[in-house]
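Structural features, examined
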Amino acid sequence: MNRAVPAAVNPWAPAKTRRTAWTAPDGADLRGPFDIAVAATAVLAAPDVVIGWSPAAEALLGHRAEDVTGRPAGTFLEAPADAADAAGGPDAGVTRFARHADGRRIPVVVLECPLTGGGRATRILVMEEAQRAREARSRQAMLHGLATQSPLGLAIYDTDLRLTWANAAHDHEVGRPLAEYRGRPAEQLYPDGVFRTVGGPRTLNEVMRRVIDSGEAFLDLHFLAKLPSDPRRDHLWSCSYYRLQDDDGTVLGVCEDAFDITDRHEAQNRLALLAEAGRRIGVTLDVPATAQAIADVAVPDFADSVTVDVVRAAVEGGEPLHGPSAAQDLIRVAARSERSAEHPGPGAGKRAGHGQAVVYPDGSPQLRSLSSGGRVLDDTTLVVPLRSGGTTMGLVSYRRAAGPRTFDGDEVALADELTARAALGIDNARRYTGERTAALTLQRELLPQYLPPQSAVDVAHRYLPADDLTGVGGDWFDVIPLSGARVGLVVGDVVGHGLAAAATMGRLRTTVEALATLDMAPDELLTRLDDLVGRTPDTHPQPVPPGGAAAGTGGAAGPHPEVTTGATCLYAVYDPVSRHCTMARAGHLPPAIVHPDGSRTFPELPPGPPLGLGGLPFEAMEFDLPVGSLLALFTDGLVESRSRDIDQGLDTLGCVLGGRATADLEELCDRAVAELRPPGTTPDDTALLLVRTKALDAERVAAWDLPAEPASAGRARELVTGRLDAWGLPDLAFSCELVVSELVTNAVRYAEGPLQLRLIRDRTLLCEVADAGHTSPHLRHSTVDDEGGRGLFIVAQLVNRWGTRYTPSGKTIWTEQAFPPGTSAA
């Protein structure tokens, strides 16, 4: 029985609704059923005469104090039903019937408390309605269960953050009885503990102090620390903290609820690791990439270091060797360590660099695994063979640093699953590599394998040859950096398939790149390219059917007929400063354009004849493109097939791209290929280049108009110096002043005005001087006696590149200077 009476509560005060520290959220009183502060009480004198009657008793039974005082207790309380009930327990009370003032019989639980001291009062009867008494006992049992049986660790800290009370679960975690650590500071119990919060408190003291100071409660904070009773392993708790205070609002301390979620967390980590492995392992048909994927997935969540050694023949696309000789031909294809990706730790094998042979010492777990064909667990090293179809292709070695963390049964099973997934991916990559090595080598020489980053556009591309055997064809694409931060976009289609078409494609691509770097306009570039193709010997030219279909492959030209005549090409130039695009085509399909608002169009570019036919001029079309516009340049193999004409293919492509101007370009490429080239079809060669336009911010471009007079050189130097200082590039001021001074002086002396000076802060510093002249300057070596002629030579020594770009109104001399090391391009 709880007989304690809080000092702030007067048990004889008039009954009223009061919420105290003992009150639960639902209004239930958490005190015991016989707490005289709230229970109905009667004070008796011998022989059972009532001399005291509490307001709570009046509220329970309806009898006023003046009606029962001086009368026997039997007036309102019936005798027990039998002697056993009368005995009761020391704190249990006896169930009896009381008579209400209105005549009702009310079952109550009565506890008799004898009094000593020789006064008139001999005992106190404490009464509570039977149902409420049972409910109160349930609440008391709940509190007792929290203290002794609950798996939830409970602890109370005072305002000095010292432990004052803890339940049995907390004692079990600490591994000592409460008496041995009561009064300890919080952080002394868990010195290395830390909360996994983002932007919130990190230590126990920070959390508890904030709770005490502000009253703010923290729920489900994840606390990582070593358990005092299990210091070899990191544990994770889900913790909650809230402030404790009495009826007057005086802060007493803070309560901590903590539940150990380590096992659940580790199980979730294993599932997450498998999900990550499914997402990353086997997604590429490349042996080293697949091997590296398992190393990246496993470190550091599963192992401290991982090495993947594969039989050399498997890496090269051949069949792995069988037997002990395989152990002498292992090469390291992937490794990762928590300390260093290149050095997975001691005992990893000799000459363990990437791509180098690995020789393990006798008796090592790796050799034992190769000999047995099964996994080997040796202390902190777990070796699992890469097996597929009964063939061992290599080994995966998982290592943990010396210490308490060893591989248990669940983790060994997880390693088996990870390795099996890697083995399947590596075997697929091995087969693919063996079948495609020769063809891909040729294709890499013919198509751009690396498209340099551009400030003008974001790009993604796909190339799918129709010839699956050789993997090469006659379609091509290119992205060519041009002066003034502009970019040239090319897509072309050579008649025919296979090696002959690929060889012709290589010649045309190289020619286009060379002409583009001369800053030719699209229509002029196609004219020059057409002239070149027209000069190619072709004894028996054949007319090209509508749509650019391939001509026959036989004839008098021999086993490798000339296929240049009839090639098609589309060339576009985009300027990120003006957002201006110029296009021209030679017998090629127009591009698809998706505007930022989702609308799509296929612009009606002026048609031009296929290359090599001659007779008709090429015309260019100019238009502005909003930032974020999507351009799709493609060959007819993407939109035309035996079961679908070009118009249907263009409609399908428009549906794929429409409304997706902001979508990921790689995903759009895959989506377009999946929709237009489904598996099982035998289409033409296909090239697809997706481009999203960008723009240079106004802060990165500066332009000034200058008069064609000698004083403009000095003015240009001042303008350039001021702009470079504003851009934080003072190191380039001296060289750029010289360049601008020479270029402006040459324009004033040899060309016509007006002049324009422009600086662009791109990936390099671009400097341009435009004039109305059409004569290109030439670099020459001046003799000792010459008074001039050295300006352009000086410019060439100060810049990385320079050149001339012709425009309808004149020409522009441009230069490029690299930024000093450590300088950002933005």
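Analysis parameters
Residues numbered from 1 in each chain as written. Predicted model: local features only at pLDDT ≥ 70, side-chain atom pairs only at ≥ 80, totals over all residues. Heavy atoms only, no water. Helix = DSSP H or I, 4+ residues; strand = E, 2+ residues; numbered from the N terminus. Buried < 20%, exposed > 50% of the residue type's maximum accessible area, 1.4 Å probe, protein only. Contact = heavy atoms within 4.5 Å. Areas by Shrake-Rupley, 256 points an atom, 1.4 Å probe, with all protein chains shown as cover. Pairing = 2+ DSSP bridges. Axes fitted to C-alpha atoms, helices over the stretch in contact; angles between N-to-C directions. Parallel < 35°, antiparallel > 145°, perpendicular 65-115°, else oblique. Left-handed = near helix turned anticlockwise from the far one by under 90°. Nonpolar A, V, L, I, M, F, W, Y, C, P; charged D, E, K, R; others polar. Expected span 1.5 Å × (residues − 1). Core = buried A, V, L, I, M, F, W, Y, C linked by side-chain atoms within 4.5 Å. Phe/Tyr/Trp six-rings, centres within 6.5 Å; stacked < 30°, edge-to-face > 60°. Lys NZ or Arg CZ within 6 Å of the ring centre and 35° of its normal. Patch = residues over 30% accessible without salt bridge, like charges linked within 9 Å, V, L, I, M, F, W, Y side chains within 5 Å. Salt bridge = Lys/Arg side-chain N within 4 Å of Asp/Glu carboxyl O. Arc of directions from axis to C-beta.

**Things to note about the overall build of the protein**
Across its full length, the protein holds 21 helices and 31 strands. Classification of the 826 residues of the protein by burial places 46% in the buried group. Pairs at least 24 residues apart make up 59% of the contacts formed inside the protein by residues separated by at least 6 positions. Split by element, the accessible area of the protein, about 39,500 Å² in all, is 52% carbon and sulfur.

**A closer look at the sheet that holds strand β12 (residues 305-311)**
Backbone hydrogen bonds hold the strands of a sheet together, and the pairing may be parallel or antiparallel. Pairing is antiparallel in the open sheet, where 5 strands are placed in the order β13-β12-β16-β15-β14. The open sheet has two edge strands with one neighbour each: β13 (330-337) and β14 (376-378). This sheet shows a mean twist of 15° between the axes of neighbouring strands, independent of strand direction. Relative to strand β15 (residues 381-388), β14 runs antiparallel, the two sharing 3 bridges. Opposite V376, over in β15, you have V383 as the bridge partner. Against the sheet, helix α10 (residues 287-298) contacts β12, β13 and β16 (391-399), and its axis sits at roughly 35° relative to β13.

**Focus: the packing of helix α9 (residues 262-280) against α10**
Direction vectors running N to C along α9 and α10 enclose 155°, while the axes themselves pass 10 Å from each other. As judged from the angle between their axes, α9 and α10 are roughly antiparallel. For the pair α9 and α10, the sense of crossing is right-handed. On α10, the residues that touch L273, E276, A277 and R280 of α9 are A293, D296 and V297. In terms of residue class, the contact of α9 with α10 is made up of 4 nonpolar, no polar and 3 charged.

**Here's the deal with the sheet that holds strand β8 (residues 194-195)**
Across the sheet, 6 strands lie side by side as β7-β6-β11-β10-β9-β8; this open sheet has antiparallel pairing. Since the sheet does not close on itself, it has two edges, and those belong to β7 (163-166) and β8, each with one partner. Where α9 meets the sheet, it contacts β10 (230-245) and β11 (251-260), and its direction lies at approximately 115° from that of β10.

**Section: the environment of L204**
You can see L204 is positioned in helix α8 (residues 204-214). Note on L204: relative accessible area 2%, which makes it buried. Placed 18 residues apart in sequence, L204 and A186 show a C-alpha to C-alpha distance of 6.7 Å.

**Some thoughts on helix α4 (residues 130-148)**
The terminal C-alpha atoms of α4 lie 27 Å apart, and with 19 residues this matches the ideal 27 Å at 1.5 Å per residue to within 8%. Looking at the packing, one finds that the buried side of α4 touches β4 (105-114) and β5 (121-129).

**Digging into the nonpolar core**
The biggest cluster of nonpolar side chains holds 50 residues, and the ones touching the most others in it are W476, L525 and L611. When residues in this core are grouped by element, the largest group, 7 residues, is from helix α14 (residues 498-516). Setting aside residues no more than four positions away along its own chain, L525 makes contact with V512, L515, A516, M520 and Y571.

**Thoughts on the packing of aromatic side chains**
Each aromatic ring pair is summarised here by two numbers: the centre-to-centre distance and the angle between the ring planes. All told, the structure shown has 4 aromatic pairs when counted by the stated rule. On the basis of an interplanar angle of 35° and a centroid distance of 6.1 Å, the ring pair of F223 and W237 is categorised as tilted. Placement of the pair is F223 in strand β9 (residues 218-227) and W237 in strand β10, with a sequence separation of 14 residues. Given a relative accessible area of 4%, F223 falls into the buried group. Under the relative-accessibility criterion, W237 is labelled buried at 2%. Taken together, the ring pairs in this structure connect F302, Y398 and F407 into an aromatic cluster. A cation over an aromatic ring shows up here: R105 above the ring of F97, its NZ or CZ 4.1 Å from the ring centre. In this structure, R400 packs its charged tip against the face of F302, placed 5.4 Å from the ring centre.

**Considerations on a nonpolar patch on the surface**
The grouping of M142, L143 and L146 at the surface amounts to a nonpolar patch, some 220 Å² of accessible area in total. Mapped onto the fold, L146 is located in helix α4.

**Concerning α8**
Those residues of α8 not exposed but buried are L204, V207, M208, V211 and I212. One side of α8 carries all its buried residues, which in axial view fall inside an arc of 125°. Lining the buried residues of α8 we find β6 (153-158), α7 (186-189), β8, β9, β10 and β11. At the C-terminal side of α8, G215 shows a positive phi close to 80°.

**A few points about the pairing of β6**
As paired strands, β6 and β11 are joined by 6 bridges and run antiparallel to one another. Bridge pairing in β11 places Y157 opposite V254. Relative to β7, β6 runs antiparallel, the two being bridged by 3 bridges. In the strand pairing of β7, Y157 is matched with L163. The hairpin formed by β6 and β7 contains 4 residues between the paired strands, and L161 there has a positive phi angle of roughly 60°.

**Some details on the pattern of salt bridges**
The full count for this structure, using the stated rule, is 34 salt bridges. Note that D458 is salt-bridged to K694, the shortest N-O span being 3.2 Å. Taken as a pair, D458 in strand β17 (residues 457-464) and K694 in the loop between β26 (686-693) and β27 (701-706) lie far apart in primary sequence, 236 residues in all. Residue D458 is classed as partly exposed on the basis of its relative accessible area of 33%. Members of the salt-bridge network, linked through shared partners, are E276, R279, R280, D296 and R336.

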